[in-house]
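The lines below spell out each chain.
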Amino acid sequence: MKDINNKVVLIVGLGMIGGSIARGLKKANPKRQIIACDTDIQALQQAVDDGVVSRSGELATLCPLADIIILAVPPLTVCELLPEILNCMAPSSLITDVASVKSHIFTSSEKFTEQELANFVPAHPIAGSEKSGYAAAVDDLFEQRNVILTPHAGNSTDSVAAINALWRELGANVLGMTRVRHDEVLAATSHLPHLLAYAIVDVLLKQEQSEDIFRYAAGGFADFSRLASSDARMWSDIFVANSAAVEKVLDDYIQSLLDFKTAIKKHEHEKLEKSFGAAKQARENFITQHFKPKKQEEMISNQLSFSVQPGGQVAGSIRVAGDKSISHRSIILASIANGITRVTGFLEGEDALNTVAAFREMGVTIVGPENGELTIYGVGKNGLQAPRKPLYMGNSGTAMRLLAGLLAAQSFDSELTGDESLTERPMNRVAQPLRSMGANIDTGESGTPPLAIRGSKLKGITYEMPIASAQVKSCLLLAGLYAEGETKTIEPAPCRDHTERMLQGFGYEVVIDEEEGSSAVIGGADLKATQIDVPGDISSAAFFLVAAAITPGSDLTLQHVGVNPTRIGIINLLRDMGANIESSNERLVGGEPVADLRIRYRQLKGIVISEAQIPLAIDEFPVLFVAAACAEGETLLRGAKELRVKESDRLDAMAQGLNILGVAVETFDDGIKITGGQMGGGAINSFGDHRIAMAFTVAGLRSESSIDIANCANVATSFPNFVELASEVGMRVSAQKSLKATS
Ligand code: S3P
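All figures in this text were calculated on a predicted structure; none of them were measured in a lab. (Residues numbered from 1 in each chain as written. Predicted model: local features only at pLDDT ≥ 70, side-chain atom pairs only at ≥ 80, totals over all residues. Heavy atoms only, no water.)

*Asks:* What exactly am I supposed to notice about the packing of helix α19 (residues 538-550) against helix α23 (residues 690-699) here?
*Replies:* Axis angle and axis distance: for two packed helices, these are the angle between their axes and the distance between the axes, and together they describe the pair. Packing of α19 against α23 leaves a shortest axis separation of 9 Å and a crossing angle of 20°. Looking at the two axes, α19 sits roughly parallel to α23. Where α19 crosses over α23, the two elements pack in a sense that is right-handed. Where α19 approaches α23, its residues S539, F543, V546, A547 and I550 are matched on the opposing element by R691, M694, A695 and V698. Residue composition of the contact of α19 with α23, grouped by class: 7 nonpolar, 1 polar and 1 charged. (Axes fitted to C-alpha atoms, helices over the stretch in contact; angles between N-to-C directions. Helix = DSSP H or I, 4+ residues; strand = E, 2+ residues; numbered from the N terminus. Parallel < 35°, antiparallel > 145°, perpendicular 65-115°, else oblique. Left-handed = near helix turned anticlockwise from the far one by under 90°. Contact = heavy atoms within 4.5 Å. Nonpolar A, V, L, I, M, F, W, Y, C, P; charged D, E, K, R; others polar.)

Given below as structure tokens:
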């Protein structure tokens, strides 16, 4: 059921939510036939009189007429109604619901199997209010609100896509979660607050002279107790349906109340103030970042700084976060594949999460990430929907350039935007070759973002890339999947080949000629869903490789690191400098080579970096320069102009920082010369570049005094748990947040 436009929708339960769905669907498509049943005859009549519902009646009569059945009833009623609905619905019809609990359907006494519920794609709109009944229904209730789908193993990609399209038509942002995680999260964020609101009113009600108390109650009580005006039947249902998850979070809450009670009894003023202060800050963050987020581009936060104490050690065995390049590609290719792709080891960093959000915006149902796991319901090569707003790529050049290729070939228009740093990065390197394939792309001034893309029919080209850029190559290969004939890229030097490997993993033929340095695809074939296990990111591992390489006494093992030959420049260069790196347990994981790396201290010496290594170590230079600062003699890099157009001008940013630490540095238009020696401390600006921030954290291991690094928030784009892992191995780093507004 790909096109849901002319389908008859049956709404079971015409309360505030059901009524708002009916009104919203009617507004989106006035010709759509909406039928409804409810025990409230007046509500039904009102909806018919409003022209929203064309027919009302008994469930058994209406069910066989519907293509999509929406259960807008409390969670336990969903279970009660399902047997009758399954019995009388047309076999190809779909069911969805709105209940705020999702697991009970499969675990309650009336439990169903996933196969029995193959046509039921559960959903939960995070919208509503304490009001109830059809009279409170509005036609825009779901616009720009989140709706969580919790598809299960019995659902097909087509059913999931149809239910996604239905909620999308109501203006919702469709997210995906596993049902277990959904119920845990909702227990904490929605069910618990409702229970507390009911409880506080109940407590006051039972006080002596409660009338008097209510008379004097003011705004605070009204604010806190608002949720207690919610529908009593609905909420008693929710708590029974989600009892296990609620019980767990309620235990934590009760413990917290007992702790507060003790602190109050003991007059522990400071303790109370500290707890209240932390809660106040957390709430303010929630309001500004999640509840009423400012425009994304205003959110570029310089609010995080790192403070690094000199010395420390590097020992242990760790696994770094998933590879950023592979994580982006897993979402892109899985979204346009046919079938369901499971991804594990996914990097839950901001960059890759923006890519997830972009594909959700284009109608792809993506469940997760939860602990690095994602399930992507591919919509096929021509199944993406026109985005309703510009797609925000955050800090990520990779996402913007790869998506430019994919979007240039769609049947709809789109716009790609990014943060302050991305907005300064060159996009003509992809826009120009794409234009020669027939693409219609406008860049901002001087070839920078935003990109306005009008979907066009493309023709394959052979493109000799002037720079060894995997982003350019991947962009063109993605466009080539849709282009007429062959699209071939020829690279001047080998650069990362994750796109080629992953395309082959999705069953798409890529012709690679190593001698020529070319990769080619012929447009028109399909991608088949697969499983992807994302290896640890060697670009993140690099900080720890250098940390151990420069720290006397170190002994560190990095597990499950991606060692694709097009990425191991950092290992090659550190070995050239004399580093002691052992690789073991080498294996192939989903087409990508992976190994465990053990590294121990050995005095490094300066080197002249071979140009062939530059594309293989392109992201690792900031931290390699720190290694050079600790090496004996000079390290010279030339031919690396690309470093000037990364997330910052990395040649200048590193030179400035190393200078502050007292290291002798000379920069060139295309490189840098670093003379190893002693490092002092000082205040460093990372220029909002994640890799500069992490590189100077590593420098602290050998600096003589402390290093303070400003503008570190973007570390979250590639390595969200960097500070934790760095501390775990013995580095002396701490992160400080400040609530400074940045716009
Ligand atoms: C990337 C390619 C590299 C790299 C970037 C990720 C990719 O950029 O710097 O962090 O995933 O394709 P270039 O291809 O522009 O060198």
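*Asks:* Would you mind showing me how to read the site of the ligand here?
*Replies:* Around the ligand sit S325, R329, T398, R429, S469, A470, Q471, R496, I618, D619 and K646, and that is every residue in its neighbourhood. Note that an oxygen atom of the ligand is positioned 2.8 Å from one of the backbone N or O atoms of A470. For the ligand, the protein covers 96% of the area, taking 380 Å² as the surface of the free molecule. One can see that the ligand is located within the second largest pocket. Those elements giving two or more residues to the shell around the ligand turn out to be α13 (324-335) and α17 (470-480). Residues that form the shell around the ligand fall into these classes: 2 nonpolar, 4 polar and 5 charged. Lining the shell around the ligand are residues from two domains, each supplying at least three of them: domain 2 (304-321 + 537-737) and domain 3 (324-533). (Near = heavy atom within 4 Å. Polar contact = N/O pair within 3.5 Å; in protein donor to acceptor, adjacent residues only side chain to side chain. Areas by Shrake-Rupley, 256 points an atom, 1.4 Å probe, with all protein chains shown as cover. 1 Å grid on protein atoms, 1.4 Å probe; cavity = no way out; pocket = protein on both sides within 12 Å on 5 of 7 lines; lining within 4 Å. Sits in = over half its atoms within 2 Å of the grid points. Domains from an automatic or database assignment.)

*Asks:* Help me understand α19 in this model?
*Replies:* When the terminal C-alpha atoms of α19 are compared, their 18 Å separation across 13 residues agrees well with the 18 Å that a helix rising 1.5 Å per residue should span. Of all 13 residues in α19, 13 are buried, a share of seventy percent or more. Residue D537 occupies the N-cap position of α19, its side-chain oxygen lying 2.8 Å from the main-chain nitrogen of S539. (Expected span 1.5 Å × (residues − 1). Buried < 20%, exposed > 50% of the residue type's maximum accessible area, 1.4 Å probe, protein only.)

*Asks:* Before we go on, may I ask you to explain the sheet that holds strand β24 (residues 580-589) in this structure?
*Replies:* With mixed pairing, 4 strands are arranged side by side in an open sheet as β10-β23-β25-β24. Each having just a single partner strand, β10 (315-318) and β24 make up the two edges of the open sheet. Neighbour to neighbour, the strand axes of the sheet diverge by 15° on average, direction disregarded. Here strand β23 (residues 555-562) pairs with strand β25 (residues 592-600) via 6 bridges, running antiparallel. (Pairing = 2+ DSSP bridges.)

*Asks:* In this structure, what is going on with the side chain of T448? I would like to understand it.
*Replies:* Relative to the helices and strands, T448 resides in the loop between β16 (440-442) and β17 (451-454). Judged by relative accessible area, which is 12%, T448 ranks as buried. A distance of 2.6 Å separates a polar side-chain atom of T448 from the backbone oxygen of E445. In this structure T448 touches T423, E424, R425, M427 and T443, once residues within four positions along its chain are discounted.

*Asks:* Please explain the packing of aromatic side chains as it appears in this structure.
*Replies:* Working definition: an aromatic ring pair is given by the centre-to-centre distance plus the angle between the planes. Taken as a whole, this structure holds 9 aromatic pairs when the rule is applied. Measuring from ring centre to ring centre gives 5.9 Å for W235 and F239, while their planes differ by 45°; the resulting arrangement is tilted. You can see W235 and its partner F239 sitting in helix α10 (residues 232-241), 4 residues apart, about one turn around the helix. The same class applies to W235 and to F239, which are both buried. Centroid distance F306 to F722: 6.3 Å. Interplanar angle 25°. Geometry classified as stacked. (Phe/Tyr/Trp six-rings, centres within 6.5 Å; stacked < 30°, edge-to-face > 60°.)

*Asks:* Any chance you could explain the state of the cysteines here in plain terms?
*Replies:* Two cysteines form a disulfide when their sulfur atoms are joined by a covalent bond. Across all of its chains, the model carries 0 disulfides by this definition. The thiol of C37 is not disulfide-bonded; the next cysteine sulfur, from C63, is found 7.4 Å away. The cysteine C630 is free of any disulfide, with C712 supplying the nearest cysteine sulfur at 19 Å. (Disulfide = S-S within 2.5 Å.)

*Asks:* What should I look at first to understand the sheet that holds strand β27 (residues 664-668) in this one?
*Replies:* For sheets, the rule is that strands pair by backbone hydrogen bonds, running either parallel or antiparallel. With antiparallel pairing, the 3 strands of this open sheet are ordered in space as β26-β28-β27. In the strand order of this sheet, the two ends are held by β26 (634-637) and β27, each with one partner. When strand polarity is set aside, the average angle formed by the axes of neighbouring strands in this sheet is 10°. Docked against the sheet, helix α21 (residues 621-630) engages β26 and β28 (671-675), running at close to 30° with respect to β28.

*Asks:* Honestly, empty space enclosed by the protein in this entry has me stumped. Any pointers?
*Replies:* Take a probe with the size of a water molecule and roll it over the atoms, and the empty space left behind shows itself. Under the defined criterion, the tally for this structure stands at 1 cavity of 30 Å³ or more. The volume enclosed by the largest cavity comes to roughly 40 Å³. Considering only residue class, the lining of the largest cavity consists of 3 nonpolar, 4 polar and 3 charged. (Points joined across faces, edges and corners; volume = space filled by probe spheres on them.)

*Asks:* I'm lost on the domain arrangement of the protein chain in this one. Help?
*Replies:* Frequently, the measure chosen for interface size is the accessible area removed from exposure when the parts meet. Partitioning the protein chain into domains gives domain 1 (9-160), domain 2 (304-321 + 537-737) and domain 3 (324-533). Measuring from the centre of the C-alpha atoms in domain 1 to the corresponding centre in domain 2 gives 54 Å.

*Asks:* Is there a simple way to explain the layout of surface pockets in this structure?
*Replies:* Taken as a whole, the second largest pocket encloses approximately 580 Å³ of empty space. Lining of the second largest pocket is provided by 37 residues; of these, A468, S469, I618, E642 and K646 occupy positions nearest its centre. The set of elements that each furnish at least two residues to the lining of the second largest pocket consists of α13, α15 (397-408) and α17. Considering each element in turn, the lining of the second largest pocket owes the most residues, 4 residues, to α13. Tallied by class, the residues present in the lining of the second largest pocket amount to 12 nonpolar, 9 polar and 16 charged. Both domain 2 (304-321 + 537-737) and domain 3 (324-533) contribute no fewer than three residues apiece to the lining of the second largest pocket.

*Asks:* Is there a simple way to explain the confidence of the model for the protein chain in this structure?
*Replies:* Summary statistics for the protein chain give a mean pLDDT of 94 and a share of 98% for residues scoring 70 or more. This model gives residues 296-302 a pLDDT under 50, and the stretch forms 14 contacts once residues within four places in sequence are excluded. (pLDDT = per-residue confidence, 0-100.)

*Asks:* Can you walk me through the pattern of salt bridges in this structure?
*Replies:* Two side chains bearing opposite charge may form a pair once their charged atoms approach each other closely. Following the criterion strictly, the structure yields 34 salt bridges and no others. As a salt-bridge pair, D619 and R650 come within 3.8 Å of each other at their nearest N and O atoms. With a gap of 31 residues between them, D619 in the loop between β25 and α21 and R650 in helix α22 (residues 650-660) connect regions that are remote in the sequence. Take D619 and R650: they sit in the same class, and that class is buried. The salt bridge partner of R644 is D649, with a shortest N-O separation of 2.8 Å. Several salt bridges share partner residues, and in doing so they unite R425, R496, D619, E647, R650 and D689 into one network. (Salt bridge = Lys/Arg side-chain N within 4 Å of Asp/Glu carboxyl O.)

*Asks:* Is there a simple way to think about the nonpolar core in this case?
*Replies:* What tends to happen in soluble globular proteins is that the nonpolar side chains get buried as a cluster. Membership of the largest hydrophobic core comes to 84 residues, with the highest contact counts inside it found for F544, L558, L574, F621, F625, V698 and F722. Counting residues per element, this core draws most heavily on α19, at 11 residues. Not counting residues within four places of it along the chain, the set of residues in contact with F544 comprises I318, V320, L556, L558, F719, F722, L725, A726, V729 and M731. Counting residues in each nonpolar core, the second largest holds 65 residues, with L477, A483, M502 and F506 among its members. (Core = buried A, V, L, I, M, F, W, Y, C linked by side-chain atoms within 4.5 Å.)

*Asks:* What exactly am I supposed to notice about the environment of G569 here?
*Replies:* As for its placement among the helices and strands, G569 is situated in helix α20 (residues 569-576). In this structure the C-alpha to C-alpha distance between G569 and I538, which are 31 residues apart in sequence, comes to 9.8 Å. Beyond its immediate chain neighbours, meaning those up to four positions away, G569 contacts Q613, L616 and A617.

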